[in-house]
Amino acid sequence: MARRRARRRPEVVAADIERIAATASTSADPTESLTDPAAFADAEGVDYQAVEDDSHFEMNRDHAGVAAVAVTNDDGAVAFAEFDHGPMLPWFPVEPDGDFAGGANTAAEALLGIDVELDALVRIRRKDSTSDDGEQAVAYDVVYAASPTGDGTLPAEVPNREAETADWYAEVPDGVTDGNMRADAELFLD
């Protein structure tokens with residue numbers, strides 16, 4: 001006796017698709033989890049850019065990209081980690097298939113010494129790279145807006161040995177010389 005396959009109603013199939021999408025590796029809320037930045041290329045409120053970045057080919061080949069975070073306090077100042085070469089927004093390299101939201105949280109904790117709440121995904125920069133021998137790589141810079149979860153007091157010493165200290169700035173510090181980093185900071189400060 002032949003078995004008949006039951007036909008599924010379209011609304012059941014649609015519900016299955018939504019359930020599967022909700023459990024996929026990229027969350028519907030990129031502040032909770034983000035493993036596929038390209039999925040948010042057309043998202044409202046996200047500045048999506050595509051750039052050539054051959055000068056960082058090895059980094060782009062070996063990582064999914066970089067998560068950066070602009071932590072803004074109640075006064076509208078943004079926290080920068082201070083390095084010997086100058087101040088930078090906190091950033092963290094994201095491993096292949098890694099979580100950019102988790103990277104942003106790690107960056108704030110490691111380079112500022114504070115916990116944050118990610119408020120919004122603000123910018124995605126797709127970086128297309130080509131090596132001297134023609135090998136291709138794609139990586140992403142993902143920039144989040146965040147708020148401190150506590151009182152916003154930065155510790156006197158940050159937990160990361162590479163950063164010397166951290167401080168709040170009401171405008172982009174003069175020492176921020178990297179063009180992309182400066183452009184990302186200018187999203188939050190004049």
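Anyway, here's the lowdown on the structure attached to this text. (Residues numbered from 1 in each chain as written. Predicted model: local features only at pLDDT ≥ 70, side-chain atom pairs only at ≥ 80, totals over all residues. Heavy atoms only, no water.)

Structural notes on the nonpolar core
Operational definition: Here, the term nonpolar core denotes a set of buried Ala, Val, Leu, Ile, Met, Phe, Trp, Tyr and Cys residues that are joined through side-chain atoms within 4.5 Å. With a 1.4 Å probe rolled over the protein chains alone, any residue whose accessible area is under 20% of its type maximum counts as buried; one over 50% counts as exposed, and the rest are partly exposed. Only runs of H or I of at least four residues qualify as helices and only runs of E of at least two qualify as strands under DSSP, and these elements are numbered from the N terminus. Contacts were defined at the residue level, with two residues in contact if any of their heavy atoms lie within 4.5 Å.
In terms of nonpolar packing, the biggest core is built from 43 residues, with Val-69, Val-71, Phe-100, Leu-112, Leu-118, Leu-121 and Tyr-144 touching the most fellow members. Secondary structure elements with two or more residues in this core: β2 (65-71), β3 (78-83), α3 (100-112), β6 (116-130), β7 (136-148), β8 (165-169) and α4 (179-186). Here the element with the most residues in this core is α3; it accounts for seven residues. Contact partners of Leu-112, with chain neighbours within four places excluded, come to Val-71, Ala-79, Phe-80, Ala-81, Pro-90, Ala-107, Leu-154, Pro-155, Val-158 and Ala-166.

Describing the pattern of salt bridges
For the record, the criterion: Any Lys or Arg side-chain nitrogen located within 4 Å of an Asp or Glu carboxyl oxygen qualifies as a salt bridge.
The final tally for this structure, using the stated rule, is eight salt bridges. In this structure, the salt-bridge partner of Asp-62 is Arg-61, at a minimum N-O distance of 2.8 Å. Across the pair Arg-182 and Glu-186 runs a salt bridge, and its minimum N-O distance is 3.8 Å. Here the residue Arg-182 and the residue Glu-186 both occupy positions in helix α4, the gap between them amounting to four residues, near one helical turn. Residue Arg-182 is classed as partly exposed on the basis of its relative accessible area of 24%. Here the residues in one salt-bridge network are Asp-47, Arg-123, Arg-125, Lys-127, Asp-141 and Asp-184, joined through shared partners.

Regarding the packing of aromatic side chains
A ring pair, where both rings are aromatic, is described by two values, the distance of the centres and the angle of the planes. Stated formally: Any two of the Phe, Tyr and Trp rings considered here, Trp counted by its six-membered ring, make a pair once their centres fall within 6.5 Å; the pair's planes then place it as stacked at under 30 degrees, edge-to-face at over 60, or tilted in between.
Counting across every chain of the model gives one aromatic pair. Measuring from ring centre to ring centre gives 5.4 Å for Phe-80 and Tyr-169, while their planes differ by 90 degrees; the resulting arrangement is edge-to-face. Highlighted residues: Phe-80 in strand β3 and Tyr-169 in strand β8, separated in sequence by 89 residues. Look at Phe-80 and you get buried, because its relative accessible area is 0%. Judged by relative accessible area, which is 21%, Tyr-169 ranks as partly exposed.

A few points about the sheet that holds β2
What counts is decided by this rule: DSSP bridges decide pairing: two strands pair if at least two such bridges lie between them. Axes here mean lines fitted to C-alpha atoms, for a helix over just the part in contact, with angles spanning 0 to 180 degrees between N-to-C directions.
If you walk across this open sheet you meet the five strands as β1-β6-β7-β2-β5, and the pairing is mixed. In this open sheet, the two edge strands, each paired with only one partner strand, are β1 (47-52) and β5 (91-94). Each strand axis lies, on average, 20 degrees off the axis of its neighbour in the sheet, ignoring direction. Bridge analysis of β2 against β7 gives seven bridges, and the strand direction is parallel. By the bridge assignment, Ala-67 is partnered in β7 with Val-142. Set on the sheet, α4 makes contact with β5, β6 and β7; between it and β6 the angle comes to about 150 degrees.

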